[in-house]
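# Examining the three-dimensional arrangement
Given next are the chains, with one letter for each unit.
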Amino acid sequence: MQSVHTPPELRSAFDAHFGTPAPALFVLSPGRINLIGEHIDYNNLSVLPMAIGRHVRLLVRPRADARVRIASLSAGFGAREFLLGREIPPYPVGDWGNYVKAAVQALARTHDGLHGFDAALDSTLPVAAGLSSSSALVIGVALALLGANGRTWDAVALAEEMAKAERYTGTQGGGMDQAICAGAVEGTASRVDFAPLRITPVPVPTDWRFVVAHSLSRAEKSGGAQATYNRRTVECREALSLVETRLTRGGSSGRGYRELLATYSAGELVEIGEQVLDGDLRKRFRHVVTEADRVRRAEVALRGSDLATFGTLLSASHVRLRDDYEVSSTALDELVAIADAAGAAGARLTGAGMGGCIIATAPARDVEGVLDHLRTEFYVPRAPAGPLGDHLFLADPAGGARVVELGQ
Ligand code: GLA
């Protein structure tokens, strides 16, 4: 049995809420940064995320009935309680409990005879920061339920199932976050391919560093950003359909972005987009096809330890996300500019944008300078509440979600 140190505050919260007997399982479910490949997973284009050593954590005790009780230590979250089943009525839109229900309902549909559980929950990940705390919660709850019922799982199949399950919350997300959370391998980033889902670890050179810097504005996946996010998915489909109609002279071959990119270069597709599309659709299309190309080149640079090229691709991605996809913000742009001026190899917003975090990459020898500039130019004037380490930190490539059985 693996020995593990469970956080004392989480254990106290468990005891206060649920009393004896003691919890039997500890679940660790990581957040992620996306190195590159933003807003293209829902177009079935490959992305390059990396799990980080900050987690949603659950202490879990199996129950003999169908009840699920879960108490969060995060301020303002409170506790939720409901019955497991194949049709679980949702909480109001935006309630964090819907991420719990999403996982439980989906598994109740595919697994017979599941019992519920009691769990205390906390997070070392900043919430609504674009670091995928919500998918970490969904995968964490899935592992809690399966672990509490003595069931096993396959990381890829579970990630695919939970990507669909999370749509219960109203966001039409792609599958990147669930895939990296469930399937990451320590010391690596992963190329994630879709339809069918595949997770290919790519080692991260040990002297590369990734800085995460929070813009101090929240990116609520189930809040205000949801409508913009969902609209982008529709715009991508519309742009694709117009381009396809033109390329097939009025017909449609049913090709997706991936098939188009197998036939035409990104540059050719940008030109086709200029002829066929106007306004926003032209810009969205340009981001998608060029981002897919940047992912391909970034993977080559990562495998070849070519940080200069990798960083340039990250910075180019940010420009497209800002100008063409229009999901950046003044604060995110400012963080990127500070990191660039401080000597980062590249910087970009990570995750869905519209608030949340940037990542900046630099060789180990330069990273202190980047951190220093971000600290003095962005955070000191704003004096955010809480420790600076909640907003500005280094992310190391971590492993995927796991369940640890606790000895009694
Ligand atoms: C969110 C979604 C992902 C992905 C990113 C943007 O994190 O959950 O599926 O679309 O936004 O790249």
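Counting restarts for each chain: residues are numbered from 1 in the order of the written sequence. Whole-chain, interface and lining totals are the exception, using all residues; otherwise, since this is a predicted model, local features are given only for residues with pLDDT of at least 70 and side-chain atom pairs are given and counted only at 80 or more. As a rule here, side-chain values come from all non-hydrogen atoms in the structure, and water together with hydrogens is ignored.

## Here's the deal with unusual backbone geometry
With omega at -5°, the peptide bond leading from Thr 20 into Pro 21 counts as cis. Following Ala 195, the chain continues into Pro 196 via a peptide bond in cis, with omega recorded as 0°. Among the structural elements, Pro 196 can be located in the loop between strand 6 (188–193) and strand 7 (198–203). In the Ramachandran plot, Glu 326 falls in the positive-phi region, its phi being about 55° despite a non-glycine side chain. Working definition: helices are DSSP H or I runs of at least four residues, strands are E runs of at least two. Numbering for both runs from the N terminus.

## Let's talk about the site of the ligand
One heavy atom suffices: a residue is near a molecule or strand as soon as one of its heavy atoms comes within 4 Å of it. As a structural note, the neighbourhood of the ligand is formed by 11 residues, with Glu 38, His 39, Asp 41, Asp 177 and Tyr 229 the closest of them. With respect to the ligand, the side chain of Glu 38 contributes an N or O atom lying 2.6 Å from an oxygen atom. Identification of polar contacts relies on pairs of N or O atoms within 3.5 Å, with a donor-acceptor requirement for protein atoms, meaning one able to donate a hydrogen and the other able to accept it, and with residues adjacent in sequence counted only if both atoms are side-chain atoms. The side chain of Asp 177 places a nitrogen or oxygen atom 2.7 Å from an oxygen atom of the ligand. Here the ligand loses 98% of its free accessible area of 310 Å² to cover by the protein chains. Any residue outside Ala, Val, Leu, Ile, Met, Phe, Trp, Tyr, Cys, Pro, Asp, Glu, Lys and Arg is labelled polar, Gly included; the first ten of those are nonpolar and the last four are charged. For the shell around the ligand, a count of residues per class yields four nonpolar, two polar and five charged. All accessible-area figures derive from a Shrake-Rupley calculation using a 1.4 Å probe, and residue coverage is judged against the displayed protein chains alone.

## Brief notes about the environment of Thr 361
Checked against the element boundaries, Thr 361 lands in strand 10 (residues 357–363). Judged by its relative accessible area of 1%, Thr 361 falls in the buried class. Here the alpha-carbon distance between Thr 361 and Arg 151, two residues 210 residues apart in the chain, equals 39 Å. Any pair of residues with heavy atoms lying within 4.5 Å of one another is described as a contacting pair. Setting aside residues up to four positions removed in sequence, Thr 361 forms contacts with Arg 209, Phe 210, Leu 307, Phe 310, Gly 311, Leu 314, Ala 344, Ala 345 and Gly 346. Separated by 3.1 Å, the side chain of Thr 361 and the backbone oxygen of Arg 209 make a polar contact. Only protein chains enter the accessibility calculation, which uses a 1.4 Å probe; a residue is then buried when its area is under 20% of its type maximum, exposed when over 50%, and partly exposed in between.

## A look at the packing of aromatic side chains
Stacked, tilted and edge-to-face are the three classes applied to pairs of Phe, Tyr and Trp rings, where Trp contributes its six-membered ring and a pair requires centres within 6.5 Å; stacked means planes under 30 degrees apart, edge-to-face means over 60, and tilted covers the rest. Taken as a whole and judged by the stated rule, the model has seven aromatic pairs. Ring geometry for Phe 77 against Trp 96: centres 5.8 Å apart, planes inclined by 40°, an arrangement best described as tilted. Taken as a pair, Phe 77 in the loop between strand 3 (67–72) and strand 4 (79–83) and Trp 96 in the loop between strand 4 and helix 2 (97–110) lie far apart in primary sequence, 19 residues in all. Accessibility expressed as a relative area gives 23% for Phe 77, which makes it partly exposed. With centroids separated by 6.5 Å and ring planes inclined at 75°, the aromatic side chains of Phe 210 and Phe 310 adopt a geometry described as edge-to-face. Taken together, the positions of Phe 210 in strand 8 (residues 208–214) and Phe 310 in helix 10 (residues 307–323) put the pair 100 residues apart, joining distant regions of the chain. You'll find Phe 210 and Phe 310 in the same group, each marked buried. Chaining the aromatic ring pairs together yields one cluster made of Trp 208, Phe 210 and Phe 310. Look at NZ for Lys and CZ for Arg. If either is within 6 Å of the ring centre and within 35 degrees of the ring normal, a charge sits over the ring. Lying across the ring of Tyr 91, Lys 101 places its NZ or CZ 3.5 Å from the centre. Positioned above the aromatic ring of Phe 378, the side-chain terminus of Arg 382 is 3.7 Å from the ring centre.

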